[in-house]
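Fold and geometry: a report
For reference, the chains in residue letters:
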Amino acid sequence: MVAYGAEQRVLVPAIQAGWLTQTFVHWPYRPDQVQSLLPAELTVDEYDGAAWVSLTPFVMAGMRPPGVSTAWLPPFQETNLRTYVRHRNGRDGLWFLSIDVSSPLMLAARAVGAPYSLAKLIVSADGDAMTYAGSRWGGRASYRMVVRPGEPIAPTERDVWLTSRWRAYTRRFGMLWETPVEHEPWPLAGATVEVRHETLLDAVGLPAPAGEPVVHFSPGVRHVRLGVSRPCAARRDSDALRSGSRRLPDRDRAAGQLR
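Notes on the structure follow.

Rules used throughout
Residues numbered from 1 in each chain as written. Predicted model: local features only at pLDDT ≥ 70, side-chain atom pairs only at ≥ 80, totals over all residues. Heavy atoms only, no water. Salt bridge = Lys/Arg side-chain N within 4 Å of Asp/Glu carboxyl O. Buried < 20%, exposed > 50% of the residue type's maximum accessible area, 1.4 Å probe, protein only. Helix = DSSP H or I, 4+ residues; strand = E, 2+ residues; numbered from the N terminus. Phe/Tyr/Trp six-rings, centres within 6.5 Å; stacked < 30°, edge-to-face > 60°. Lys NZ or Arg CZ within 6 Å of the ring centre and 35° of its normal.

What follows is about the pattern of salt bridges. Tallied over the entire structure, the rule returns 15 salt bridges. Of the charged contacts, one joins Arg30 and Asp32 as a salt bridge, the two residues approaching to 2.9 Å between their closest N and O atoms. In this structure, Arg196 engages Glu194 in a salt bridge whose closest nitrogen and oxygen atoms are separated by 3.3 Å. With relative accessibility at 42%, the residue Glu194 sits in the partly exposed group. Residues participating in the shared-partner salt-bridge network are Glu7, Arg91, Arg167, Glu178 and Arg230.

Below is the structure:
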């Protein structure tokens, strides 16, 4: 099971920030379609027999190094296209198919293989609707969608599986890297989405989605602690998996966490 709360403490973060006004648009895919995009060390993680690919636009705010109380960058927009994976050592996490960002300083994360690209990104509110749009510099990929957040929800097992991941994998210098993350659980609401334009999936080699998306909206999490990226261990870290992670044994417990 995927943990509802952070699986590890990030005692000495490389970066602290908030991820705000975030929408999650999740599409199901055949596992083989996604597996072909992954490095050999990673296996696509499945839910209900499907791989899932998620488009997640948000605002990065309050970004600062450890020990600093004030932000050293103004808020900026970011849009991730991600999928869900397991390392051969058994640990689950995220694999980013693309990351579009409006801040050039974030391109430094390419050093560990994070697939950052500069883009013109928009996050705006109009009444009860949120508009997200992005256009990658060079005209290689773009999207525009309108999201209408609904009422807060008590998350089901699937909601937790799609939103709560506590490490990201990247590949660089012939090795796989792991970046741990810690933050409070996502406050989630249901949402509807109208995707008016989207070429991000095609740009990474995926066909158009065959099914309707599952959509979540969150006002965000404000206490994000990103750890230092490090090469992945080959062995299964059983002790780490058993200690400190708040597992969800069933759907009822997932829903009960927010009651």
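Next comes the rest of the account.
The next subject is the environment of Ser36. Looking at the secondary structure, you find Ser36 in the loop between helix H1 (31-35) and strand E2 (42-44). Separated by 170 residues in sequence, Ser36 and Leu206 place their C-alpha atoms 9.9 Å apart.

Turning next to the packing of aromatic side chains. Throughout the structure, instances matching the rule amount to five aromatic pairs. Where Phe24 meets Trp186, the ring centres are 5.1 Å apart and the plane angle is 90°; that geometry is what we call edge-to-face. Note that Phe24 is positioned in strand E1 (residues 15-29) and Trp186 in the loop between strand E10 (175-182) and strand E11 (189-198), a separation of 162 residues in sequence. The residues Phe24 and Trp186 share a single accessibility class, namely buried. A network of ring pairs unites the aromatic residues Trp19, Phe24, Phe58 and Trp186 as a single cluster. It is Arg165 that lies over the ring of Trp161; its NZ or CZ is 4.5 Å from the centre. Over the aromatic face of Phe173 sits the side chain of Arg172, whose NZ or CZ is 5.1 Å from the ring centroid.

Geometry only, nothing functional implied.
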